[in-house]
Amino acid sequence: MISPKRYAQHVKDNMTASFSNEIADVVMARAGCQPDVFARIVGEIPRCIPAKYHKILSEILITACFSKLCKKATYSIPLSEKHKVLQRALLYAGNVRES
């Protein structure tokens, strides 16, 4: 079994290193109409991590992905819009993995 903390840190480092400004613009534009886009980027949590950590890990990774994409976007997004998009995106946390 792998430590959930170690897994989250590894995935955050790998995931956020691959984002460019163009990708950030496209994803943030799609996030308004498709809030599940962040859950798709994060993907499913491996079964070697206990199931009780899957939802919290999904939320952590979605939030990290969202914040990194907001920083990389070439246009500024109002705080109220960020909050609304993040709330909608977190509704999909834990729903990525089929049980």
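Scroll up a little and you will see the structure.
Note that this is a predicted model, so its numbers are computed, not measured.

Procedures and definitions
- Residues numbered from 1 in each chain as written.
- Predicted model: local features only at pLDDT ≥ 70, side-chain atom pairs only at ≥ 80, totals over all residues.
- Heavy atoms only, no water.
- Helix = DSSP H or I, 4+ residues; strand = E, 2+ residues; numbered from the N terminus.
- Expected span 1.5 Å × (residues − 1).
- Contact = heavy atoms within 4.5 Å.
- Axes fitted to C-alpha atoms, helices over the stretch in contact; angles between N-to-C directions.
- Parallel < 35°, antiparallel > 145°, perpendicular 65-115°, else oblique.
- Left-handed = near helix turned anticlockwise from the far one by under 90°.
- Nonpolar A, V, L, I, M, F, W, Y, C, P; charged D, E, K, R; others polar.

Peer 1: Got a minute to help me understand helix H1 (residues 4-17) in this structure?
Peer 2: Every α-helix carries 3.6 residues per turn, so stepping three or four residues along brings you back to the same face. End to end, H1 covers 20 Å across 14 residues, agreeing with the expected 20 Å (1.5 Å per residue, within 8%). Among the structural elements, helix H3 (37-42) and helix H4 (54-72) are those in contact with the buried residues of H1.

Peer 1: Sorry if this is basic, but what is going on with the packing of H4 against helix H5 (residues 79-90) here?
Peer 2: A packed helix pair is summarised by two numbers, namely the angle formed by the two axes and the spacing between the axes. As a packed pair, H4 and H5 sit with axes 10 Å apart at the nearest point and diverge in direction by 150 degrees. Here H5 runs roughly antiparallel to H4, going by the angle between their axes. Considering the relative orientation of H4 and H5, their crossing is right-handed. Between H4 and H5, the residues in contact are Glu59, Ile62, Thr63, Phe66 and Cys70 and Lys82, Val85, Leu86, Ala89 and Leu90, respectively. Looking at side-chain class alone, the contact of H4 with H5 contains seven nonpolar, one polar and two charged residues.

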